[in-house]
Amino acid sequence: MTDLKLDPIDLRILAEIQRDGRITKLALADRVGLSPTPCWVRLRRLEQAGIVIGYHARLALRQVTPFAMVIVEVTLGAHRQSDFDRFERAVRDEPHIVSCWSVGGGLDYILRVVARDVDAYQRIIDRLLESEVGIDRYFTYIVTRTVKDEPVMPLDALMGGGE
């Protein structure tokens, strides 16, 4: 966590840019109740502190191309730091793995993989297995329908302002 102390205006700025990353400086200032210059200074400070790490467009990928979304649970065969490092390097190098979470419990990682189809997904897994990155077991779950995929974090609730 950063040492930067966030006040309610900073939190409103963060909430607004999460909802609309293309918001103009003027509209942002208006929505958070500041004049443009102090609002811009605050936003720059949030960016420089590493709290705002990027601005991205969300794509309706199915309108661009067919694809398969796959969730994968991975357990490594060994649990030394070098084993984790080797696996994580391989994950970062694979563009089809779009998310990877290290988790506690009965497995080590959960991956989100996007591939052209299930056969393409299997080729990705086969490459990982052949490259000997330490995978002992993996379980595959094909996503059949997205119920919720919300990129906006519930800042107010996380900061104690709501349930």
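What comes next is a walk through the structure.

Here is what the cut-offs are and how they apply
- Every chain begins its residue count from 1, and numbering advances along the sequence as written.
- Residue-level local features of this predicted model are given only where pLDDT is at least 70; pairs of side-chain atoms are given and counted only at 80 or more, and the full residue set underlies all totals for whole chains, interfaces and linings.
- Only hydrogens and water are set aside when side-chain values are computed; all heavy atoms of the structure are taken into account.
- What counts as a ring pair is set by centres within 6.5 Å for rings of Phe, Tyr and Trp (its six-membered ring), and what kind of pair is set by the plane angle: stacked under 30 degrees, edge-to-face over 60, tilted for all other angles.
- Helix and strand assignments come from DSSP, with helices taken as H or I runs of at least 4 residues and strands as E runs of at least 2, each series counted from the N terminus.
- Residue exposure (1.4 Å probe, protein chains only): buried if accessible area is under 20% of the type maximum, exposed if over 50%, otherwise partly exposed.
- Geometrically, a lysine NZ or arginine CZ counts as sitting over a ring once it is within 6 Å of the ring centre and also within 35 degrees of the ring normal.
- Any Lys or Arg side-chain nitrogen found within 4 Å of a carboxyl oxygen on Asp or Glu counts as a salt bridge.
- Side-chain atoms alone can form a polar contact between residues adjacent in sequence; in general such a contact is a pair of N or O atoms within 3.5 Å, and within protein one must be able to donate a hydrogen while the other accepts it.
- Residues are treated as being in contact if the distance between any of their heavy atoms lies within 4.5 Å.
- By definition here, a helix of n residues has an expected span of 1.5 Å times n minus one.
- Every patch collects residues that have over 30% relative accessible area and no salt bridge, joining them within 9 Å if they carry like charges and within 5 Å if they are nonpolar side chains (Val, Leu, Ile, Met, Phe, Trp, Tyr).
- In this description, accessible areas are obtained by the Shrake-Rupley approach with a 1.4 Å probe, and a residue is regarded as covered only by the protein chains that are shown.

Some words on the packing of aromatic side chains
- Following the criterion strictly, the structure yields two aromatic pairs and no others.
- Taking the centre distance of 6.3 Å and the plane angle of 65° together, the rings of Phe-84 and Tyr-109 count as edge-to-face. Here Tyr-109 lies in strand β3 (residues 109–115) and Phe-84 lies in helix α4 (residues 81–93), a separation of 25 residues in the sequence. Across this residue pair, the class does not change: Phe-84 and Tyr-109 are buried.
- Plain terms: the ring middles of Phe-87 and Tyr-109 are 4.6 Å apart, the flat faces sit at 35° to each other, and that makes the pair tilted. In this pair, Phe-87 sits in helix α4 while Tyr-109 sits in strand β3, placing the two residues 22 residues apart along the sequence.
- Through a chain of ring-to-ring contacts, three or more aromatic side chains come together here, namely Phe-84, Phe-87 and Tyr-109.
- Its guanidinium or amino end placed over the ring of Phe-67, Arg-62 lies 4.1 Å from that ring's centre, counting from NZ or CZ.

Here we look at the pattern of salt bridges
- Evaluated as defined, the whole model comprises 10 salt bridges.
- For Glu-16, the salt bridge identified is with Arg-19, shortest N-O distance 3.5 Å. Of this pair, Glu-16 and Arg-19 both sit in helix α1 (residues 8–19), three residues apart, which is roughly one turn of the helix.
- Residue classification places Glu-16 among the buried positions, given a relative accessible area of 14%.
- Overall, the relative accessible area of 53% leaves Arg-19 in the exposed class.

Considering the side chain of Asp-83
- Following the sequence through the fold, Asp-83 ends up in helix α4.
- When its relative accessible area of 3% is taken as the criterion, Asp-83 is described as buried.
- For Asp-83, the side chain forms a polar contact with the side chain of Arg-86, separated by 3.3 Å.
- Non-local contacts of Asp-83, meaning those with residues more than four positions away in its chain, are made with Leu-76, Ala-78 and Val-133.

Notes on α1
- Between its first and last C-alpha atoms α1 spans 17 Å; for 12 residues at 1.5 Å apiece the expected length is 16 Å, and the two agree.
- Those residues of α1 hidden inside the fold are in contact with α2 (25–32), α3 (36–48) and α6 (155–158).
- For α1, the side-chain oxygen to backbone nitrogen distance between the N-cap and Ile-9 is 3.0 Å, and the N-cap itself is Asp-7.

Digging into a nonpolar patch on the surface
- Taken together, the side chains of Met-153, Leu-158 and Met-159 make up a nonpolar region of the molecular surface, amounting to roughly 330 Å² of accessible area.
- You can see Met-159 is positioned in the segment after α6.

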